[in-house]
Amino acid sequence: MTTTRDQRTDTRSAETPARSPRADRVERYDPVATEPRWQAKWAEVGLHHTDLHDKTRPKFYLLTMYPYPSGDLHIGHWYIVTPTDAFGRFRRMHGDNVFLPIGFDAFGLPAENAAITSGVHPREWTMRNIETMRRQFRSMGATFDWDAEVVTSEPEYYRWNQWFFLKFLEAGLAYRAMAPVDWCPKDQVVLAREQVEGPNRVCWRCGTPVIKRDLEQWFFRLTKYADELLAFDGIDWPEPIRLMQTNWIGRSEGAEIVFTVAPDDHQPGGDEVRVFTTRPDTLFGATFMVLAPEHPLVARLTAPDRKAAVDSYVYQTRRETEIERLSTEREKTGVPIGADAINPVNGERVPIWIADYVLASYGTGAIMAVPAHDERDFEFARKFGLPIRRVVAAPGTPDDAPMDDAYAAHTEGEILVNSGRFSGTSADEGGRKIVEWLASQDKARPTVTYRVRDWLISRQRPWGTPIPVIYCDRDGIVPVPEEQLPVLLPDDFVYGAKGENPLLNHPEFLNVTCPRCGEPARRETDTMDTFVDSSWYWYRYLSPHTNDAPIDKPLVERWCPVDQCTGGAEHAVMHLLYSRFFTKAMRDIGLIHEDEPFRRLFNQGQILGSDGERMSKSRGNVQDPDALVGRYGADTIRLFLMFMGPWDQGGPWSPTGIGGVFRFLNRVWTLALDPHGQEPGDPASGQLPEGEDESSARRAIRATAHRTLKVVSGDYTGFRFNTMVAHLMELANTLFRYRGTVVAGDPEWDEAIRLMLLMLAPAAPHITEELWSRRLAEAGEDWSSIHSEEWPMVDETAAAADTREVPVQVNGKLRDRVVVPAGIGEIELEQVILARDRIHAALGGREPDRVIHASGGRLVNIVVR
RNA sequence: GCCGAAGUGGCGGAAUGGCAGACGCGGCGGACUUAAAAUCCGCUGCCCGUAAGGGCGUCAGGGUUCGAGUCCCUGCUUCGGCACCA
């Protein structure tokens, strides 16, 4: 770890007692000693335990996405959790019954990788990590309700994944299919489409480029909800996330059109090739047709003399990596298969080609190629000398104008040309009419296609939820009967050399009898994607140990949906999409009534390493909070992370400035315990700020405190934690100006201190609790937690100012400021302003043209010519 | 290429169309100290000026407005998402 100079100096401040003659008078702020004491006290009195059955207060379900138990909490975890905790405490002070649970996303590959290198069983590794992280979470002072904890690798959790699987199977929401799937060669596992990232198509976890494999796998029917997932009714989610999901789902409206294969010497014709297009208006411009190399009709339609070329092209395509195949930079390739199709609108024979730019997995795996109006088709036609025929023209363009580029965009007033009886109609209307006309002959129908695929949930790894299915030679695929759940993961699987799933080499697990016929059968060894675990865990938090159902319906009814969820934007199209799917699926199997899991969502940013890269052990840029906590205490770290900048922004970690926050807490400590202090270096001697007397000072103190209360309340509510801290610092700075003066310790002062502590309590829970308890003790009252106090009310009268300063501009340039009574009228104000020397000078003898009083009298602008 | 977010002092950042740079870091100066640290107080966007004061200034260029960091248009840069999706 790098140690900067300011860190070293601060170290001394924290560890070395002040060497002043009166060091004994006021006790030093010593967070490292006091914080654990309060954490223990809170646990003892059950401060964080939520009574889920309490009906006297409004419920508030606050969820922070649960972590993967990677071993150590790093500063990023603090960044994620701390503001959420502060917000929860803030809501609690408003009288809400806040439920803030935590758990662990405990299945997954890192545990396996650790197992392979160190020989420790994934369960042991995971549980050890969880133990560490529990301790670290407690050191943050987070108000998690540990009674609600969920650990997904425990049978009492994952058996319900299996239960859901069976229900989904019954409901037709789960199915098994052979498909070309994405395979990560490093992790030896298939991935869902969402888990393949970036232009290089790499594994989301390890960054290895994926390859395609044809495998029979289990899917959840996500596409069933495609349209519903596009609606974000009644939920308050950040626009960027909604956009990402919308784009991911990729709904596109168009038409499916049937091309019939023409008879020739080699085949009788009559096969139908369906294409999907969003541009039926360009149908007359279709001069050829392209099938994906994997298209099922390819083999059948290929002419004998083309067979060698076609086979070789198909073979080549399959060998290519996804990167090569999908690169847009690459020149188009393809071969004709020696058969023609008939364009249904004009009876023209168009040649059929295969080319890898047509994807088998989208639409129908075949396209009509309209080179005049599609860039890709244009490029292809150019390269292979295929005809290009314009069928849409912008107003004024001749029908036969030569084309240098595809004309794919839409222009106002464009019309169809070269399109038989549709020529002359607008492109829009023409397209509709062409589809109608073809539809009447059963040659077309309006269709919606989606980019999103069903969710591939099979994983060839042992550390996950076993998929509860048995394969029997006689009965085929047999679901494990519900009463036989859970299918337990064995504790003793061992990793072999080749990276294959060890469950395959575990006879006791593998060999079973068929639940139907009793004959020997084979158990499914694939496990579920860990995103299945994270798709419903917040329902389980409400009753983590219920053993006759996945959820406690009445509690879910009362507590769901989650009122506020906080988590990273990196989950936009994975976790957050799957979670929405799961909620809808759970609704459709009759388990719950909600349509959406999270009413409000906030995406916090990500803390990066000081090198600007994502924090990870392999990069060696992970920041260990334990050391920082040992030096400054949890409150300073909490506050510093909130103070860094807007929470949704994140950024590279830098401890520079942490000393400033520590200093602030020390000032709070001093203000609360030593209002009169005259230690060496403290302000000279009881001098009120210039121009103030005792009563104006008292008013000023109250005004500042109540104004701060107003803005700080808004900051918490709006998740503006950085300005919340700044405003509290301002309050402390103001109070410091009155420290040691006659008004220090007065009731007004005391009220300000009280408000300051209450406002700071959610963010810095330990120091405020400590100072609060001392206040109570001093007043001879029994202890009660500051975190059970009510959020204070703003005294608007106190907050109001009796004078205000009005900036004065001349032609938009600031020339003067005048201090006037708060209630002054515009006419009077103008008189005051025009009498000012500086304004006279700025006007230079000219008469004001207009005088503008900005909204609420905040500024005056004098306009002269 | 398409979609989205963002560009403000040396740094992190603040600013319902109304005083740009709050708050903090760093820097400079002062008090305290034998001294240093800590603490407290003050100054700290850039340029000219001893000063009073003036000029410039929120990625660049246009525009709307009495007034633009904020709204509109064009472009540049960075980050995130998607990427031959018909």
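Refer to the structure presented above.
Residues numbered from 1 in each chain as written. Chains lettered and ligands numbered in written order. Predicted model: local features only at pLDDT ≥ 70, side-chain atom pairs only at ≥ 80, totals over all residues. Heavy atoms only, no water.

1. Let's talk about the packing of aromatic side chains
As enumerated under the stated definition, the model contains 61 aromatic pairs in all. Taking 5.7 Å as the distance between ring centres and 65° as the angle between the ring planes, the aromatic pair formed by Phe-99 and Trp-559 counts as edge-to-face. Here Trp-559 lies in helix 17 (residues 553-559) and Phe-99 lies in strand 2 (residues 97-99), a separation of 460 residues in the sequence. By the burial criterion, Phe-99 is buried, and Trp-559 matches it. Taking the centre distance of 5.5 Å and the plane angle of 65° together, the rings of Tyr-632 and Phe-662 count as edge-to-face. Of this pair, Tyr-632 sits in helix 19 (residues 625-632) while Phe-662 sits in helix 21 (residues 658-673), and the two are 30 residues apart along the sequence. The class for Tyr-632 is buried, based on a relative accessible area of 0%. Judged by relative accessible area, which is 3%, Phe-662 ranks as buried. The side chain of Lys-41 reaches across the aromatic face of Trp-783, ending 4.8 Å from its centre. The ring of Tyr-357 carries the charged tip of Lys-332 above its face, separated from the ring centre by 5.3 Å. (Phe/Tyr/Trp six-rings, centres within 6.5 Å; stacked < 30°, edge-to-face > 60°. Helix = DSSP H or I, 4+ residues; strand = E, 2+ residues; numbered from the N terminus. Buried < 20%, exposed > 50% of the residue type's maximum accessible area, 1.4 Å probe, protein only. Lys NZ or Arg CZ within 6 Å of the ring centre and 35° of its normal.)

2. Focus on helix 18 (residues 575-588)
Between the first and last C-alpha of helix 18 there are 20 Å, a value that for 14 residues agrees with the 20 Å anticipated at 1.5 Å per step. In terms of residue burial, helix 18 counts as a mostly covered element, since 13 of its 14 residues are buried. Of the residues one or two after helix 18, Gly-590 is the one with positive phi, at around 85°. (Expected span 1.5 Å × (residues − 1).)

3. Section: the protein's contact with RNA strand B
Taken together, 64 residues lie around RNA strand B, and Arg-193, Lys-332, Arg-376, Arg-817 and Arg-858 are the ones closest in. Restricting the count to atoms of RNA strand B within 4 Å of the protein gives a sugar and phosphate share of 63%. The contact in question runs from a phosphate oxygen of RNA strand B to an N or O atom on the side chain of Tyr-362, over 2.7 Å. A distance of 2.8 Å separates a phosphate oxygen of RNA strand B from a polar atom in the side chain of Arg-667. Tallying contributions element by element places helix 23 (residues 721-738) first for the surface near RNA strand B, with seven residues. For the surface near RNA strand B, the residue count by class is 24 nonpolar, 19 polar and 21 charged. (Near = heavy atom within 4 Å. Polar contact = N/O pair within 3.5 Å; in protein donor to acceptor, adjacent residues only side chain to side chain. Nonpolar A, V, L, I, M, F, W, Y, C, P; charged D, E, K, R; others polar.)

4. Description of the nonpolar core
Counting residues in hydrophobic clusters, the biggest one holds 95 residues, and the most contacted among them are Tyr-61, Phe-165, Phe-220, Trp-455 and Phe-582. At eight residues, the largest contribution of residues to this core is made by helix 6 (residues 155-170). Every residue in contact with Tyr-61, bar those within four places of it in the chain, is listed here: Phe-99, Pro-101, Trp-538, Tyr-541, Leu-542, Trp-559, Cys-560, Val-562, Asp-563 and Gln-564. Judged by nonpolar contacts, the second largest core, of 85 residues, contains Ala-86, Ile-658, Leu-731 and Ala-752. (Core = buried A, V, L, I, M, F, W, Y, C linked by side-chain atoms within 4.5 Å. Contact = heavy atoms within 4.5 Å.)

5. Re the environment of Gln-687
Inspection of the secondary structure assignment puts Gln-687 in the loop between helix 21 and helix 22 (694-717). Here Gln-687 falls in the exposed class, since its relative accessible area comes to 60%. On a C-alpha basis, the gap between Gln-687 and Thr-117 in space is 68 Å, while along the polypeptide they are 570 residues apart.

By themselves these figures say nothing about function.
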